[in-house]
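Descriptive structure summary
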Amino acid sequence: MTDRAHARRALLFPGLFVLLWSTGFIAAKYGLPYAPPLTFLLYRFALVALLMLVVAIATRATWPHDARQIAHVAIAAWLVHGAYLGGVFVAIAAGMPAGTSAMLVGLQPILTVVIARAWLGERVVARQAAGLVLGLAGVWLVVRHRFGYNGDLAGLVPCLIALAGISIGTLYQKRYCARVDMRSGAVIQFTACTLLYLPLVLLFEGAPVQWTPQFIFAMSWSVLVMSVGAISLLYWLLRHGAASNVARLFYLVPPVTALEAWLMFGEKLDALSLMGMVLIAIGVAVARPPEPRLAPAVSG
């Protein structure tokens, strides 16, 4: 890949990732009324594994041969997909308000920065820390009117598991899986999640899936746009940037989701929500690291 092509992708992919990732909540709103949360995710994981297997074979992807590397890929999957998605879906199905879930998972950038500093040795300057705090304040303004909690641990615990899963999982992916081909890696990851979720569904869920047009649309969107598109973009961003820099993008997800819900479902956006979106944009801009200086070309 040329430097110019890489620069274009580095400019385009962050915004595209935020746009695609934010639609996950919309797809869940469409699909969860027609299937239990773990069952929904089991179907999603199995379908993505089959789809990516076809892609990996057709494009002759390279496969990891080291059992330890395969184990690292599976562990990253259980954190990023299994814990995060499972936690969010179970929390919403248990009745936790979307604003509460968004606010808790919205702590992910700060938690990721703290862990990245201790685990990966990534340096965080004062300007980046200030940007993260501004972003968190903006997230609160966006979701504050949906914030509510009645003390039921059935919603809180899964949401905290989701927060830990996405925060640790992105760092684990960056540290141990950065050199794995993303096509074959996706096959391993979603197969591992399918094998994890199958016994959970058999043990804890038994309600049948209602194959309505809404469920089929939600499942198709989750498979193609979220699990293939958004996850591939996330891993590309982690491979080509610091984990703390990627984490700040998650602050943009709640306001983009709020805008989508306003357009699609008529949900209200007040002045404080719009102010929060401005704060988030400022926080992300402030937290952005300075561009590295290019070394002068040596002629000869």
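Our subject is the structure that appears above.
Figured I'd write up the structure that's included with this text. (Residues numbered from 1 in each chain as written. Predicted model: local features only at pLDDT ≥ 70, side-chain atom pairs only at ≥ 80, totals over all residues. Heavy atoms only, no water.)

**Quick word on unusual backbone geometry**
Let me state the cut-off plainly: Here a strand is any run of E in DSSP of at least two residues, a helix any run of H or I of at least four, and the numbering for each starts at the N terminus. A simple rule labels every residue: compare its accessible area, found with a 1.4 Å probe on the protein chains alone, to the largest value its type can have, and call it buried under 20%, exposed over 50%, or partly exposed in between.
Positioned with a positive phi, Arg60 is a non-glycine residue whose angle comes to about 55 degrees. With respect to the secondary-structure elements, Arg60 resides in the loop between α2 (37–58) and α3 (67–93). Its relative accessible area of 76% is what places Arg60 among the exposed residues.

**Observations regarding helix α1 (residues 3–31)**
Put simply, the rule is: The span one expects for a helix is its residue count, reduced by one, times 1.5 Å. Note on bend: at a given residue it equals the angle between the axes fitted to the 7 residues ending there and to the 7 starting there.
Across its 29 residues, α1 extends 41 Å between first and last C-alpha, which sits within 8% of the 42 Å expected from 1.5 Å per residue. Along α1, the sharpest change in direction is near 30 degrees and occurs at Phe13; proline Pro14 comes one to four residues later.

**Some thoughts on the pattern of salt bridges**
This is how it is decided: By convention in these notes, a salt bridge is any Lys or Arg side-chain nitrogen within 4 Å of a carboxyl oxygen on Asp or Glu.
Scanning the model with the defined rule gives one salt bridge in all. A salt bridge links Arg183 to Asp181; the shortest N-O distance between them is 2.6 Å. Owing to a relative accessible area of 14%, Asp181 belongs among the buried residues under this scheme.

**Overview of the packing of aromatic side chains**
Test applied: Pairing of aromatic side chains here covers Phe, Tyr and the six-membered ring of Trp, requires ring centres within 6.5 Å, and sorts the geometry by plane angle: under 30 degrees stacked, over 60 edge-to-face, intermediate tilted.
Applying the stated rule across the entire model yields twelve aromatic pairs. The interplanar angle of 40 degrees and the centroid separation of 5.5 Å between the aromatic rings of Phe40 and Phe89 together place this pair among those described as tilted. Residue Phe40 is located in helix α2, and its partner Phe89 is located in helix α3; the two are separated by 49 residues in the primary sequence. Neither residue differs from the other here; Phe40 and Phe89 are each classed as buried. Taken together, a centroid distance of 5.6 Å and an interplanar angle of 90 degrees make the contact between Phe40 and Phe215 edge-to-face. One end of the pair, Phe40, is in helix α2; the other, Phe215, is in helix α9 (residues 213–239), and 175 residues separate them in sequence. Of the two residues, Phe40 and Phe215, neither departs from the other in class, the shared state being buried. Through a chain of ring-to-ring contacts, three or more aromatic side chains come together here, namely Phe40, Tyr43, Phe89, Trp211 and Phe215.

**Re the environment of Phe45**
Short version of the rule: Working rule for contacts: check all heavy atoms of both residues, and any pair within 4.5 Å makes them a contact.
Looking at the secondary structure, you find Phe45 in helix α2. The class for Phe45 is buried, based on a relative accessible area of 0%. Residues Phe45 and Phe190 lie 145 residues apart in sequence; the distance between their C-alpha atoms is 5.2 Å. Among all residues touching Phe45, those that are not within four sequence positions of it are His81, Leu85, Phe190, Cys193, Thr194 and Tyr197.

**Concerning the side chain of Thr170**
Here is the rule: Polar contact is the term for a pair of N or O atoms within 3.5 Å; when the atoms are in protein, one must be able to donate a hydrogen and the other to accept it, and sequence-neighboring residues count only if both atoms are side-chain atoms.
Inspection of the secondary structure puts Thr170 in helix α7 (residues 153–176). A polar atom in the side chain of Thr170 sits 3.1 Å from the backbone oxygen of Ser167. Non-local contacts of Thr170, meaning those with residues more than four positions away in its chain, are made with Val80, Gln108, Thr112, Leu234 and Leu238.

**Digging into empty space enclosed by the protein**
The following threshold applies: Here a cavity means grid points, on a 1 Å grid over the protein atoms only, where a 1.4 Å probe fits yet cannot get out; a pocket means an open set of points with protein on both sides within 12 Å along at least five of seven lines; lining residues are those with an atom within 4 Å of a point. Grid points are joined across faces, edges and corners, and a volume is the space filled by probe spheres set on the points. Following the grouping adopted for this structure description, the nonpolar residues are Ala, Val, Leu, Ile, Met, Phe, Trp, Tyr, Cys and Pro, the charged ones are Asp, Glu, Lys and Arg, and the polar ones are all others, Gly among them.
All chains considered together, the criterion is met by four cavities of 30 Å³ or more. Of the volumes computed, that of the largest cavity is approximately 180 Å³. Looking at the largest cavity, it is lined by 16 residues, and the ones nearest its centre are Gly24, Tyr84, Leu85, Phe89 and Met226. At the level of secondary structure, the elements contributing two or more residues to the lining of the largest cavity comprise α1, α3 and α9. If one sorts the elements of the lining of the largest cavity by residue count, α3 sits on top with seven residues. Looking at the lining of the largest cavity, its residues break down into twelve nonpolar, three polar and one charged. Its volume calculated, the second largest cavity comes out at about 130 Å³. Around the second largest cavity, the lining comprises 17 residues; the ones closest to its centre are Met182, Gly185, Ala186, Gln189 and Tyr235. For the lining of the second largest cavity, the class distribution of residues is ten nonpolar, five polar and two charged.

So far we have only geometry, and geometry alone does not tell us how the molecule works.
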